[in-house]
Amino acid sequence: MAENGNAPKGMRKGLTSYGDAGFSLFLRKAFIKGMGYSDSALDRPIIGIVDTGSDYNACHGNMRDLVEATKRGVMLAGGLPIPFPTISIHESFSHPTSMYLRNLMAMDTEEMIRAQPMDAVVMIGGCDKTVPAQLMGAASANLPAIQLVTGPMRTGSHRGETVGACTDCRRFWGRYRAGEIDDQEIAEVNDQLVPGTGTCGVMGTASTMALVTEALGMMAPGGATAPAVSADRRRIAERSGEIAVQMAASGLTPDRIMTEEAFENALKVLLAIGGSTNAIIHLTAVAGRLGIRLDLDRFDAMGRDIPVLVDLKPSGTQYMEDLHDAGGLVTVLRELRPHLNLDCVTVTGRTLGEEIDLAPAGFAQDVVAGNEAPLFAEGGMAVLRGNLAPRGAIIKQSAATPDLMVHRGRAVVFSSIEDLTRRVDLPELDVKKDDILVLQNAGPKGAPGMPEAGYMPIPRKLAAQGVKDMVRISDARMSGTASGTIVLHVTPESASGGPLGLVRDGDEIELNVPERSITLHVDEAELAERRKGMKAPVHPGSDRGYRKLFLETVTEADLGCDFDFLVPQAQSESPES
Ligand code: FES
């Protein structure tokens, strides 16, 4: 039902089909008036607000405040805010993995944006998979949309030392496994790692996704870093509501913001912040929804020019609250300016270059390094290829051990996560510090859900000898809060017949990060023989429901692990190995 020849707006959008549009609108208004709205309110631009609060999700524990502040911003700008719920995903409360549920949340977000009448939408997310899911959904729905994040948690303190989730979770747990700290101390640390609501306060996936989303242009300028419990965070929510009303008026849709050039900006920021390896999968998935394929080799080439500038754990020493105090993302963008596509339009309708110019002046600080003295001369990540990973693998070189970047060793193979859990700490495990740990069947289909199992524990008997790092290779992911010489996302995955599944105990593997190679030193004839005996894992419950959908349609890491039917056709086809 068009208004004055234009597309329907507000309450007139997407009417339920009864064969009589007038009646559909009459009925819709009757029901929503049950909540006390007037006709005058209902005639305003409608701004949906995606509420992902959940008592299982401490990362979104400030949701109620943010929804209220966003509503205030919408109303100050003359719109009518209508919050609505979608799925909420927290990393520690998502079985088998949060990645398994990301696409479900993306579908929920897309379909609820599309199904309900709204002229623009503010999506509030924060925990690792929620922001990618919301951007994927928004890209497909293509309604004016702005991302608001819940913001990072503050740091805690343990015996005088600053701690934060979750790099310090892993560090303390490693010390506990090695017998360096006792039951009493590990219990004390457990109370301090998450001192309040908000997302993990290091450069994990949530922080990374917040920063790259701002760089993409999909967030209010300055919106990535303000702590969850700060007044700044609420002001950003108010501002996001105002911007959403402007976007509803101008019709600025995600496809005009998330262009190929904007993704290039996001990838450069990902490299410069020493961000989470997960972000490359998520950005690939979001871009895929818009028919844009991110090229891993181009990403690797960018990494040779873009240094790591941000001193945050796990690559550095500080926390997100420190980056916020240092000016937030714009401090990084100023350093990167010569590398960026400054003409990309952002949610404000202004370009990225204009937003950098409008930001408060820079000042001396010690969180973001200058180009002349970076933390790490190359970008945070490198893309590896070779007969072990024909379609690529990723290593976070900024968080790896320099001495292991060129390393040849004997494989110690675990055939699944269960096998790893069962055997890694056995005293009789045949493993030495120069060996390479290999984990199979931990990819999107293998696990299923591509868990963050790539950060394999150092076998207890080696940890007790003081071994802190080993080369570890898998088709799994790794938490952005983890560090080590860890090769991830090996593609094709072992459950799809990838060569990783052919590795056996005692094989020689060679990692050479400067040359970007990963090689299995076993001849082709032997590999062909082993391939004959390969079997894909069988998962219980895979004959029905979401699990069946997931296993039948999830794509590999180099395609973003989206469902093949959710992306334009050309995107879902596997590249040649
Ligand atoms: Fe939610 Fe880390 S668990 S951001």
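Placed above this text is the structure.
The notes below deal with the structure included here.

**What to know about the overall build of the protein**
Consideration 1: Scanning the protein for helices and strands turns up 21 helices and 14 strands.
Consideration 2: Computed over its C-alpha atoms, the radius of gyration of the protein comes to 24 Å, within 12% of the 25 Å expected for a compact globule of 577 residues.
Consideration 3: Seen through its principal axes, the protein has C-alpha atoms that stretch 75 × 55 × 50 Å.
Consideration 4: Per-residue burial for the protein yields a buried fraction of 58% across its 577 residues.
Consideration 5: In the protein, the share of contacts with a sequence separation of at least 24, taken over all contacts with a separation of at least 6, comes to 74%.
Consideration 6: With 57 positive and 75 negative side-chain charges, the protein shows a separation of 3 Å between the mean positions of the two kinds.

**A short note on the state of the cysteines**
Consideration 1: Per the stated rule, a full pass over the model turns up 1 disulfide.
Consideration 2: Between the sulfur atoms of cysteine 166 and its disulfide partner cysteine 169 the distance amounts to 2.1 Å. Across the S-S bond linking cysteine 166 and cysteine 169, the dihedral sits near -85°, which makes this disulfide left-handed.
Consideration 3: The buried category is assigned to cysteine 169, whose relative accessible area is 18%.
Consideration 4: Between cysteine 561, a free cysteine, and cysteine 127, which holds the nearest cysteine sulfur, the sulfur-to-sulfur gap is 18 Å.

**Side note on the sheet that holds strand S3 (residues 120-125)**
Consideration 1: Spatial strand order, S2-S1-S3-S4: 4 strands in an open sheet with parallel pairing. Where the open sheet ends on each side, the last strands, each with one partner, are strand S2 (80-85) and strand S4 (145-149). Across the sheet, the axes of successive neighbouring strands diverge by a mean angle of 20°, strand direction being ignored.
Consideration 2: Bridge count between S3 and S4: 5 bridges; the pairing is parallel. Residue pairing in the sheet places valine 121 in a bridge with alanine 145 of S4.

Calculation notes
Residues numbered from 1 in each chain as written. Predicted model: local features only at pLDDT ≥ 70, side-chain atom pairs only at ≥ 80, totals over all residues. Heavy atoms only, no water. Helix = DSSP H or I, 4+ residues; strand = E, 2+ residues; numbered from the N terminus. Rg over C-alpha atoms; globule rule 2.2 N^0.38 Å. Buried < 20%, exposed > 50% of the residue type's maximum accessible area, 1.4 Å probe, protein only. Contact = heavy atoms within 4.5 Å. Lys, Arg positive; Asp, Glu negative; His and termini not counted. Charge placed at Lys NZ, Arg CZ, Asp CG, Glu CD. Disulfide = S-S within 2.5 Å. Pairing = 2+ DSSP bridges. Axes fitted to C-alpha atoms, helices over the stretch in contact; angles between N-to-C directions.

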